[in-house]
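Overview (structure and organization)
Spelled out from the first residue to the last, the chains are:
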Amino acid sequence: MILGMTTNNARFDGKVALVTGGASGMGLATARRFLDEGAQVVIAGRSEERLREAAEALDAGDRVLTVSTDVTKSADLERLAAAARSHFGHLDVVFANAGAATFKHVEEFTEADYDHVMNANLKGVYFTVQRLLPLLREGGSIVINASWTQYRGFGGGSVYAATKAAVASLTRSLAADLADRGIRVNAVSPGYIATDMFHAAVTSPEEIEAVRARVPLRRIGTSEDVATVVAFLASADAGYVNGVDLLVDGGLANTIVL
Ligand SMILES: NC(=O)c1ccc[n+]([C@@H]2O[C@H](COP(=O)([O-])OP(=O)(O)OC[C@H]3O[C@@H](n4cnc5c(N)ncnc54)[C@H](OP(=O)(O)O)[C@@H]3O)[C@@H](O)[C@H]2O)c1
């Protein structure tokens, strides 16, 4: 071991972490990371089939609990909280990661599109946190998945980007609300990350290449790039980090590449 460095593989020993949208993409990679570092994990999402497949892939037996949950429905969130409580008793970490994207020009965007994106990305995050709060132990940690798009005008993604600006704001206010319980609240803002959501929006090889060229580090991010940062924010290593939004975007939002 290099002097001054610590090994990180047991940061979540004895802890319980809950991940919404945990059956795919960044949620699944983060659930795996928590498990690898010793946690027990609850993963929530709407599709029971995808949850079952994810649990099989995680291959951690009864250290993983799956609960089918639509985060836009309070009754589902109540069931999620009850299931987590009866299975593990409490939570130490919540990663409010579930989200939805509909990319359309303002002239095409319908009221139904608006409700879909707003409900998943803002209402869903807010009530996920609120309904799980009674289970969170003192000193616990909440991480919210925002997005680099909150920092830029994003043609075709106006409502999506607005929801992500909103959850970055929530992060700061919730950190203040929960200060007396010693619960830290932070956000992560991924750049372009190769997940189902990304590939649904960026389809052709030419589009993928154009997107890659915008990133100073010249690569599309992976779910693991984000999982490692979420694990850091959720861990005691970030014990004095509170109310921040941390970009994990290869320099995309803050840099112009000439
Ligand atoms: N990929 C990117 O480039 C990128 C960049 C910045 C931020 N993000 C954000 O990262 C987060 C994760 O997305 P991802 O990229 O990893 O894509 P993903 O694999 O499509 O993950 C989205 C997850 O959210 C779940 N979900 C959607 N609506 C839900 C609802 N109403 N209730 C419960 N679960 C719901 C989905 O599961 P079910 O469909 O089974 O419910 C899915 O597991 C999202 O908040 C997204 O906005 C993505």
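Everything that follows concerns the structure shown earlier in this document.
Let me begin by describing the structure that accompanies this report. Just so it is clear, the model here is predicted, and its values are computed rather than measured.

Structurally, Asp-245 can be placed in strand S7 (residues 245–248). There is no salt bridge for the buried Asp-245, and the closest opposite charge comes from Arg-172, which lies 6.8 Å off by N-O distance. Of the polar contacts made by the side chain of Asp-245, one reaches the side chain of Tyr-151; its length is 2.3 Å. Non-local contacts of Asp-245, meaning those with residues more than four positions away in its chain, are made with Ala-146, Gln-150, Tyr-151, Ala-187, Val-188 and Ser-189.

Reading across the sheet, the seven strands line up as S3-S2-S1-S4-S5-S6-S7 and stay open at both edges, with parallel pairing between neighbours. Among the strands making up the open sheet, the edge pair consists of strand S3 (64–68) and S7. Taken pair by pair, the neighbouring strands of this sheet meet at an average axis angle of 20°, ignoring direction. Both strand S4 (residues 91–96) and strand S5 (residues 136–145) contribute to a ladder of five bridges, which runs parallel. The partner of Ala-96 across the bridge, within S5, is Ile-144. On top of the sheet, helix H3 (residues 74–88) reaches strand S1 (16–20), strand S2 (40–45), S3 and S4; it is set at about 160° to S3, its chief contact.

Right, let's talk about the packing of aromatic side chains for a bit. Enumeration over the complete set of coordinates arrives at seven aromatic pairs. Aromatic side chains Phe-103 and Tyr-160 sit 5.3 Å apart centroid to centroid with 70° between the ring planes, which places their arrangement in the edge-to-face category. Of this pair, Phe-103 sits in the loop between S4 and helix H4 (111–132) while Tyr-160 sits in helix H5 (residues 158–177), and the two are 57 residues apart along the sequence. Among the residues examined, Phe-103 registers a relative accessible area of 35% and is labelled partly exposed. Note on Trp-148 and Phe-154: the rings are 5.5 Å apart at their centroids and 70° apart in plane angle, and the pair reads as edge-to-face. Residue Phe-154 is classed as partly exposed on the basis of its relative accessible area of 23%. Taken together, the ring pairs in this structure connect Phe-103, Trp-148, Phe-154, Tyr-160, Tyr-192 and Phe-198 into an aromatic cluster.

Reading the values: rules and limits
- Residues numbered from 1 in each chain as written.
- Predicted model: local features only at pLDDT ≥ 70, side-chain atom pairs only at ≥ 80, totals over all residues.
- Heavy atoms only, no water.
- Helix = DSSP H or I, 4+ residues; strand = E, 2+ residues; numbered from the N terminus.
- Buried < 20%, exposed > 50% of the residue type's maximum accessible area, 1.4 Å probe, protein only.
- Lys, Arg positive; Asp, Glu negative; His and termini not counted.
- Salt bridge = Lys/Arg side-chain N within 4 Å of Asp/Glu carboxyl O.
- Polar contact = N/O pair within 3.5 Å; in protein donor to acceptor, adjacent residues only side chain to side chain.
- Contact = heavy atoms within 4.5 Å.
- Pairing = 2+ DSSP bridges.
- Axes fitted to C-alpha atoms, helices over the stretch in contact; angles between N-to-C directions.
- Phe/Tyr/Trp six-rings, centres within 6.5 Å; stacked < 30°, edge-to-face > 60°.

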